Amino acid sequence: MFLEHLTEYSETVASTLAQDPSYNPLPTTTTKHLDEAFKKTLLGAYIRRVLTQLNLTLVTCSDLYYDNSIKAIFRLNNACYILKALQGSILLDLLKTKEPDCQQNYIDMMEDQKKAYLHTTWKKVEDKLFGADEIPIAVLKAGKLRDKDKQVIKDKFSGFNRELDEICRLQQTYAVPDPELRATLRYDSRNNISSKYKEFYDKYASVPFTKNPDKYIKNTPETIAVLIDTFFDVS
């Protein structure tokens, strides 16, 4: 991040900013008597302004993506990079002089984008599993499925398989460079969909709705977890 190099010239930069009324309401041409706290405040204000503009630019760039899932990944990757760059340098302390909650703001931003990613990625899949066409447990236990009931179950499995294949295809093309973020997204995806699919799987997998179960039951909760672990693997 170029801002790190800026701190190497903090004296010069602070002196320049002190003469700018947008940073200093009482600009002065005399910079010899600037105390250290005020210099840090000036640098913090500049860093905040740069990051604000950067964040706006990144949001604009992300809006160019047609897919909301990759849009969230783009925002997550950049927020993660900026946060870790701040945490690993003096920039964070300088920024806190003007924005004390800056670190938490980035953490909250990432949490919002994680939620957006999970929702946009798995919503269609969840819709295939559950809906108004649910077959009562009593009917399933009695084993008296009508042809209509059998077709509903077939459609559910087929729809789920189709959506899952598409998700896997796309997610395997997405890159998440940060290993911690990559592991977190995989973990959250497993928790988000595996338990829901297990509920669906336990309800319908043993029901005699077809003579060719392998055609429809292509995944178990365990194999889905394995598939999710291939997400963001572009090696």
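The structure presented is a predicted model; accordingly, all values stated were derived computationally and were not measured.

Criteria and cut-off values
Starting afresh in each chain, residues are numbered from 1 along the sequence in its written order. Where totals are concerned, whole chains, interfaces and linings use all residues; where local detail is concerned, this predicted model gives features only for residues with pLDDT of at least 70, and gives and counts side-chain atom pairs only at 80 or more. For the side-chain quantities, the full set of heavy atoms in the structure was used; hydrogens and water were omitted. Classification of ring pairs uses Phe, Tyr and Trp, with its six-membered ring standing for Trp, and accepts pairs whose centres are within 6.5 Å; under 30 degrees between planes counts as stacked, over 60 as edge-to-face, and the remaining range as tilted. Relative accessibility decides the category of a residue: with a 1.4 Å probe and only protein chains considered, values under 20% of the type maximum give buried, values over 50% give exposed, and everything between is partly exposed. We count a stretch as a helix when DSSP gives it H or I for four or more residues in a row; a strand needs E for two or more, and each element gets its number in order from the N terminus. Contacts described as polar in this section are N or O atom pairs within 3.5 Å, which, within protein, must combine one atom able to donate a hydrogen with one able to accept it, while residues neighboring in sequence count only if both atoms come from side chains. In this description, a line fitted to the C-alpha atoms serves as the axis of each element, helices being fitted only across the stretch in contact, and the angle between N-to-C directions of two axes falls anywhere from 0 to 180 degrees. Take the far helix as your reference; a near helix turned counterclockwise from it by less than a right angle gives a left-handed crossing, and one turned clockwise gives a right-handed crossing. A contact between two residues is defined here by any heavy atoms of the two lying within 4.5 Å. Note on terminology: a nonpolar core comprises buried Ala, Val, Leu, Ile, Met, Phe, Trp, Tyr and Cys residues joined through side-chain atoms within 4.5 Å. In the sections that follow, a salt bridge refers to a side-chain nitrogen of Lys or Arg positioned within 4 Å of a carboxyl oxygen of Asp or Glu.

A. Region of the structure containing the packing of aromatic side chains. Tallied over the full model, the rule gives 11 aromatic pairs. Between Tyr65 and Phe74, the ring centres sit 5.5 Å apart and the planes meet at 50 degrees, which makes this aromatic pair tilted. Exposure remark for Tyr65: the relative accessible area of 35% places this residue in the partly exposed category. Considering the side-chain rings of Tyr117 and Phe232, the 6.2 Å spacing of their centres and the 50 degrees angle between planes classify their relative orientation as tilted. One end of the pair, Tyr117, is in helix H6 (residues 102-129); the other, Phe232, is in the segment after helix H11 (221-228), with 115 residues separating them in the sequence. Here Tyr117 and Phe232 have matching classes, each one buried. Taken together through their ring pairs, the aromatic side chains of Phe157, Phe160, Tyr197, Phe200, Tyr201, Tyr204, Phe209 and Tyr216 make up a single cluster.

B. Quick look at the environment of Thr223. Along the chain, the position of Thr223 falls in helix H11. Taking the relative accessible area as the measure of exposure, Thr223 reaches 34% and is therefore partly exposed. Considering only alpha carbons, one finds Thr223 and Ser194, 29 residues apart in sequence, at a separation of 9.4 Å. Separated by 2.8 Å, the side chain of Thr223 and the backbone nitrogen of Thr220 make a polar contact.

C. Structural detail: the packing of helix H8 (residues 147-171) against helix H9 (residues 179-204). Direction vectors running N to C along H8 and H9 enclose 145 degrees, while the axes themselves pass 12 Å from each other. Taken as a pair, H8 and H9 cross one another with a handedness that is left-handed. The residues of H9 that touch H8, namely those facing Ile153, Lys156, Phe157 and Phe160, are Tyr197, Phe200 and Tyr204.

D. Quick look at the nonpolar core. Among the nonpolar cores identified, the biggest contains 53 residues, and Trp122, Ile153 and Phe157 are the most heavily contacted of them. Only helix H3 (36-62), helix H4 (68-87), helix H5 (91-96), H6, H8, H9 and H11 provide two or more residues apiece to this core. Residues within four places of Ile153 in sequence aside, it is in contact with Ile135, Leu140, Leu145, Tyr204, Val207 and Phe209.

E. Highlighting the pattern of salt bridges. Here the structure, examined in full by the defined rule, presents 11 salt bridges. Put simply, Asp63 and Arg75 hold a salt bridge, and the shortest N to O gap is 3.0 Å. Of this pair, Asp63 sits in the loop between H3 and H4 while Arg75 sits in helix H4, and the two are 12 residues apart along the sequence. Of the residues examined, Asp63 reaches a relative accessible area of 44% and is grouped as partly exposed. Accessibility expressed as a relative area gives 22% for Arg75, which makes it partly exposed. Taking the shortest distance from any N to any O, the salt bridge between Glu111 and Lys114 comes out at 3.3 Å. Of this pair, Glu111 and Lys114 both sit in helix H6, 3 residues apart, roughly one helical turn. Exposure remark for Glu111: the relative accessible area of 35% places this residue in the partly exposed category. One continuous salt-bridge network, built from bridges that share partners, spans Asp63, Lys71 and Arg75.

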